[in-house]
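Chain by chain, the residues:
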Amino acid sequence: MYITQVGAECAPVAKVGGLGEAIHGLSRALAEQGHQVEVILPKYDCLRPDLIEGLHRAYEDLQVPFYDQWLACSVESGYVDGIHCFFIDPHSDHGFYQRGRIYGEVDDPGRFAFFCRAVLEFLLKTGKQPDIIHCHDWHTALVPVLRWEVYEALGLKRPRVCHTLHNLSHQGVAGEYPLRAVGLDPARLMTSDRLLDRDRPHAANLLKGALVYADAVTTVSPRHAWEILHTDQGMGLQETLHTHSHKLRGVINGIDEGTWNPRTDPHIVQTYGPEYLPGKACDKRQLRQQLGLEEAAKPIVAIVSRLDRQKGVELMRHTIHYALENSCQTVLLGSASEPWIDELFQEIRRHSDGSADCRLILEYNEALSHQIHAGADIMVIPSVYEPCGLTQMTAMQYGVVPVVRRVGGLADSVFDANYSDQAFEEVNGFLFDDPTPAGLESALRRAIRLWFRYPAYFRQLRLNGMHTDNSWSGPAQAYLDIFEGIRA
Ligand code: ADP
Ligand code: GLC
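Residues numbered from 1 in each chain as written. Chains lettered and ligands numbered in written order. Predicted model: local features only at pLDDT ≥ 70, side-chain atom pairs only at ≥ 80, totals over all residues. Heavy atoms only, no water.

(A) Focus on the domain arrangement of the protein chain. Each assigned domain of the protein chain is listed with its residue range as follows: domain 1 (2-254 + 473-487) and domain 2 (278-467). One C-alpha centre belongs to domain 1, the other to domain 2; they are set 33 Å apart. On the side of domain 2, 16 residues touch domain 1, which itself brings 18 residues to the contact. Counting the surface lost from both domain 1 and domain 2, the interface buries some 1,300 Å², and carbon and sulfur atoms represent 57% of this. Of all residues in domain 1, Lys15, Arg223 and Ile252 give up the largest surface area on contact with domain 2, accounting jointly for 31% of the area buried on that side. Across the contact surface, domain 1 and domain 2 share one salt bridge. (Domains from an automatic or database assignment. Contact = heavy atoms within 4.5 Å. Buried area = accessible area lost by both parts, 1.4 Å probe. Salt bridge = Lys/Arg side-chain N within 4 Å of Asp/Glu carboxyl O.)

Structural data, given as structure tokens:
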């Protein structure tokens, strides 16, 4: 099958969080199964060109309509971890992708609407007719809309569009301008059964457009597919999701085992695997040295996360206090999405400076994240909601026991050591329900106790996690089945 992935991120060249990892991992898995896969991204100034092999200009003069003008773009191409990637590079004063970051600009709806139109124009002009265009999140939500409303008539008839929802809290809600900018008729499209936002009377909701126009809609775990239909996690889109529920499926993400593999990880001092766990003890010593923590018979309780409301910032804070009160060491690596959250953690960092047991590193740091995985014993993920979550899976891969809230993909991938129906070899962590300190403690207490009192059982949990299949092979097959279904 010929599959074109379209997204705002692709690890490791443009990664903010799990979206970039998911597009990268899925693309690699599909290509490994022999499918023709390409990824189209904006050419951000903050891309990592050093990680792109054979980067060259593949298309010179792509003219893309924007309001009543044509904006000239070039398209560059190269390979990222063996994946064929194309980068759209507009040459206009807007500097759409010259902002030093991927998101967070006031004109994000316009920047990404333009990207959608440019992608389709590129496919049309180069005569590419993929079987499937696979789009992700609100940034690419106008692709299915434009394909149907504009490009079908221009000749882009073959592709069917699958749209994957990674995070419904961002929907691309703006006035009608992004539609007008890319040549769509707001009067026709801004109706309640199409792109009109449910709660804001004059706003276009781009993500809603994807739900209406895509041939298939997926989200990143089966449990989250249920949550968005039946709870407020649908974030205002429940009604639209219900109308289109026949095309909605949940497919859990995998992790890329080339990137997350303690046997080969170049970021860690001692490689290890389930057959050689003592190597992990060496990485734990190294992590302590590197962060200035004391060497002691204590578990390291870690958090690696965006510091965002979604991730349960209050419970992260409680994790730090509770772990320290219960004779553990704690390490947090994260960067905040809002100033008040940053201040919350800066304050803890100031208090813990010089502590023998606690370190907060408030930045984005890929290498350190691998080193924490290698050195830690317990990973806490207390999310308010979590469409999939990758950290619980990467933790397991490194023999770190996850303690997670029972939501979304966390509930689909972590099986409680004490209370699950799974076979003994399949339990791999601890779960809690209530998003409260008491709820968190009900799981974290059990993990910590097990580490201190029953090390052999704790070791077994590590091994169970390391043997859990969190690879992309099953999920990639599930996507292929969906793609086949809409092709037919
Ligand atoms: P989300 O996409 O919602 O942030 P995921 O669990 O799907 O959550 O993916 C997050 C990814 O980003 C994981 O690979 C995690 O290790 C990584 N990550 C998050 N914060 C940091 C950070 N401060 N430094 C390095 N990696 C981080
Ligand atoms: C989003 C979600 C996260 C998911 C990731 C990749 O960022 O918050 O749960 O794992 O996308 O699909």
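After that view of the structure, there is still more to cover.
(B) Examining the environment of Val403 more closely. Note that Val403 resides in strand E16 (residues 401-405). With a relative accessible area of 0%, Val403 lands in the buried category. C-alpha of Val403 to C-alpha of Phe430: the two residues are 27 residues apart in sequence and 4.7 Å apart in space. With residues near it in sequence (within four places) discarded, Val403 still touches Ile378, Met379, Val380, Ile381, Phe430, Ala443, Leu444 and Ala447. (Helix = DSSP H or I, 4+ residues; strand = E, 2+ residues; numbered from the N terminus. Buried < 20%, exposed > 50% of the residue type's maximum accessible area, 1.4 Å probe, protein only.)

(C) Up close: the environment of Gln422. Mapped onto the elements of the fold, Gln422 is located in the loop between helix H14 (408-413) and strand E17 (430-432). Residue class for Gln422 comes out partly exposed when judged on its relative accessible area of 30%. A sequence separation of 201 residues divides Gln422 from Ser221, and the C-alpha atoms of the two residues are 19 Å apart. Setting aside its immediate chain neighbours within four residues, Gln422 contacts Phe415 and Val427. Polar side-chain contacts of Gln422 include one of 2.9 Å to the side chain of Glu426. (Polar contact = N/O pair within 3.5 Å; in protein donor to acceptor, adjacent residues only side chain to side chain.)

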